[in-house]
Each structure stands twice: as structure tokens, then as C-alpha cells.
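# Observations on the model geometry
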Amino acid sequence: MTAERFFCADAARTRGDALPGTAPYGLVWVLIEHAGPWPANGYDGLPLDPVAKAVLYDAASAVRARILLIRRHGRRTPRPGPRRWAVLRYDATGAHRQRWGTWERDEDLARTAEALDEPGEPGHPPLVLVCAHGRHDTCCALRGRPVAAALSARWSDPVWECTHVGGDRFAANVLVAPDGVYYGALDAASSVAVVEEHLADRVHAGHLRGYTDLYPAQQAAVAALLARHGPAGRHAYAVTGTSRAGPHWLIRVTGPAPRATAYDIEVTAHRAPPHRLTCNGPAASAAMVHEVVSIRTL
């Protein structure tokens, strides 16, 4: 008898896995256009010149940058001519700092490594990156590609498919960079609504995984305020204090101007029961959950 096929995103929705507090920390992203095929381990698996490959990898590691392969939706075969690369850097002032270039030979990626030492140019619109990395996780392809199709039909230029961004069980996952905002559990319809609101500087709590400049407990605290008070701008809430005693966190957050109300938010961290968290990983593991237990207005 054939075993029923396992889909991690279906299982996560059945369990009701919480989204807030699941965005991986990060402030810098390196994007390398590569139409395909994408290896299961992304950039690490590309058959590039070892020296050129290591130059970029080492430069990215030095600034804790994440390297993502990108392609336009529906493009699975390489096209003639140069491919694009970008370095995206989060700026707490709200500026979108980006540096773009092109590459044809493996050696050209050294320019990408050099760009990691440059501040980047402000004024660029954010990019919408949709994880559609099927060789890494089945759900990323099955759920990510319809989302990429819907978003590309609505906004052609800023939307790219990308390799693994983390949190396979929350597919479809969208990263808006360099804003550093993760959304999850999206489908074609909800993704268009969420991104439209985001581009208008209205972040909603419904599909929010978190902000990548915050740690998980801080992400959960901000998401709780968005859920309570409604959508707000990316920088409307500022974390102004964090303390921890074991699994208990106290996060102080200041709200939007002009009132700038302050809140003390208590968050607890605990391990969920072990489950299979990816389609391709047979071993069960226990995810960390950050739960808001109280919000006090100061």
C-alpha cells in the first residue's frame, strides 16, 4: 500500500502553527539571477568556478548576508546575454539601499562581492521575492509558483521567484526586501492584497511572520500590536527595550506618532511538540513558539 504523500504546509495549517516570530534575522541580501535549474541547496550547489564562488560566499558570510538565486516567473531556461545581480541592504531610516549589476562569467561575481562593502543607493522601490524552490521543498513550488504568477501579473518589475527563504511549512512565503518583512501562508488572492497594502506602507498582522531586523520575541510583540490596533507603516512601531528572564520576555514598543504610546508586552517562548516541519525532511523537530500573554499600555 502506498503511503499518503506528506505536505508540510498542509500539516502546519491543520495544526494551526503560529506565524508571528518566525522571520529569520537578516539585514543584507545578495540576489543572483539564475534561471535554472536550481540545486536543492541553492547558490552552494551551482557549478561555478570554485574560486569565484568562494569569493562571493566569503564576502557574504562576513556581513551575514543571505545569498538567494532569483528568476522571473515562468523562466526555467537561461536566456542569452548578461544576468542581473543585486545587493540589498536594510536601512532603519526606511531608505531602500540597493546596488545592481550584471554578470556573464563566473569571475564577474567578484563585483557582487565588492558591492557588499558599499552602502548602496537609496530611492529604489522594494523587491517582492516569492520562494518557489521546489527542489528544496515541495510546498515551496506548489504554493509559491501560483503566488509568483499572481504577483507578476499585477507588478511585473519588482517580483522575482527566489530560492529558499526559510519556513517551508508557511508556504507560500514572500519576502519584501530590503524592507525586511516576511509574509507567509499566502495564496494567489491573499498575496496580491497583502503586497498591495505593504507597498502603500500598511503592514497587516494577518499573514505577517515578522521583521528581519527584530528577534523572534520582538517580532511577536509588534505583530500583536498590529493585530490589536490595525495596520501600520513598516517603521510605525519601534522596539525601545527588551529584557529576558528564562523563557519570559518583556518587550517595550513605542507606537506611531503623534501619540507615540508606549506598551510593555510580555512574551513567552516554548517548544512545540515535535513534528515534520518540511516536506523532504523525514525527522521530526520541535519549533520554537513565541506567544504574547499580555499587553500593558503605559
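Here's a quick rundown of the structure.

## Side note on the environment of H34
Along the polypeptide, H34 turns up in the loop between β1 (28-33) and α2 (50-62). Here the alpha-carbon distance between H34 and T278, two residues 244 residues apart in the chain, equals 24 Å.

## What about helix α6 (residues 216-229)?
With 14 residues, α6 should cover 20 Å at 1.5 Å per step; its first-to-last C-alpha distance of 20 Å lies within 8% of that length. Along α6, the positions that sit buried rather than exposed are A217, Q218, Q219, A220, A221, V222, A223, A224, L225 and L226. For α6, the elements touching its buried residues are β9 (208-211), β10 (238-245), β11 (248-254), β12 (262-271) and β13 (288-297). In the stretch just after α6, G230 is the one whose phi turns positive, near 100 degrees.

## Side note on α2
Along an α-helix, a turn takes 3.6 residues, which lines up residues three or four apart on a common side. Relative to the 18 Å expected for 13 residues at 1.5 Å per residue, α2 spans 18 Å between its end C-alpha atoms, a close match to the ideal helical length. Three or more residues of α2 are buried, namely A52, K53, L56, A59 and A60. In an axial view of α2, the angular spread of the buried residues amounts to 140 degrees, which keeps them on one side of the axis. Turned more than 90 degrees away from the buried face of α2 sit P50, V51 and A62, all of them exposed. In this fold, the buried residues of α2 make contact with β1, β2 (66-71) and α3 (109-115). Here α2 starts with a cap whose side-chain oxygen sits 3.2 Å from the backbone nitrogen of V51, and that cap is D49. With its phi angle positive at about 55 degrees, R64 sits one or two positions after the end of α2.

## Observations regarding the pattern of salt bridges
Close approach of charged atoms lets side chains of opposite charge pair. With the rule as written, the count across this model stands at 16 salt bridges. When the shortest N-O distance is used, the salt bridge between D264 and R252 registers 2.8 Å. With D264 in strand β12 and R252 in strand β11, this residue pair connects regions lying twelve residues apart in the sequence. Notably, a salt bridge pairs R296 with D264, separated by 3.2 Å at the nearest N-O pair. With R296 in strand β13 and D264 in strand β12, the pair connects residues that are 32 residues apart, well separated along the chain. Connected through shared salt-bridge partners, R99, R111, E114, E118 and E121 make up one network.

## Comments concerning unusual backbone geometry
In this chain, A171 is followed by A172 through a cis amide linkage whose omega measures 5 degrees. Mapping A172 onto the fold places it in the loop between β6 (159-162) and β7 (174-177). Note that the residue after A257, namely P258, is joined by a cis bond; omega there is 5 degrees. Looking at where P258 falls in the secondary structure, it is placed in the loop between β11 and β12. Residue R64 is not a glycine yet carries a positive backbone phi of 55 degrees. Along the chain, R64 falls in the loop between α2 and β2. With a relative accessible area of 63%, R64 lands in the exposed category.

Criteria and cut-off values
- Residues numbered from 1 in each chain as written.
- Predicted model: local features only at pLDDT ≥ 70, side-chain atom pairs only at ≥ 80, totals over all residues.
- Heavy atoms only, no water.
- Helix = DSSP H or I, 4+ residues; strand = E, 2+ residues; numbered from the N terminus.
- Expected span 1.5 Å × (residues − 1).
- Buried < 20%, exposed > 50% of the residue type's maximum accessible area, 1.4 Å probe, protein only.
- Contact = heavy atoms within 4.5 Å.
- Arc of directions from axis to C-beta.
- Polar contact = N/O pair within 3.5 Å; in protein donor to acceptor, adjacent residues only side chain to side chain.
- Salt bridge = Lys/Arg side-chain N within 4 Å of Asp/Glu carboxyl O.

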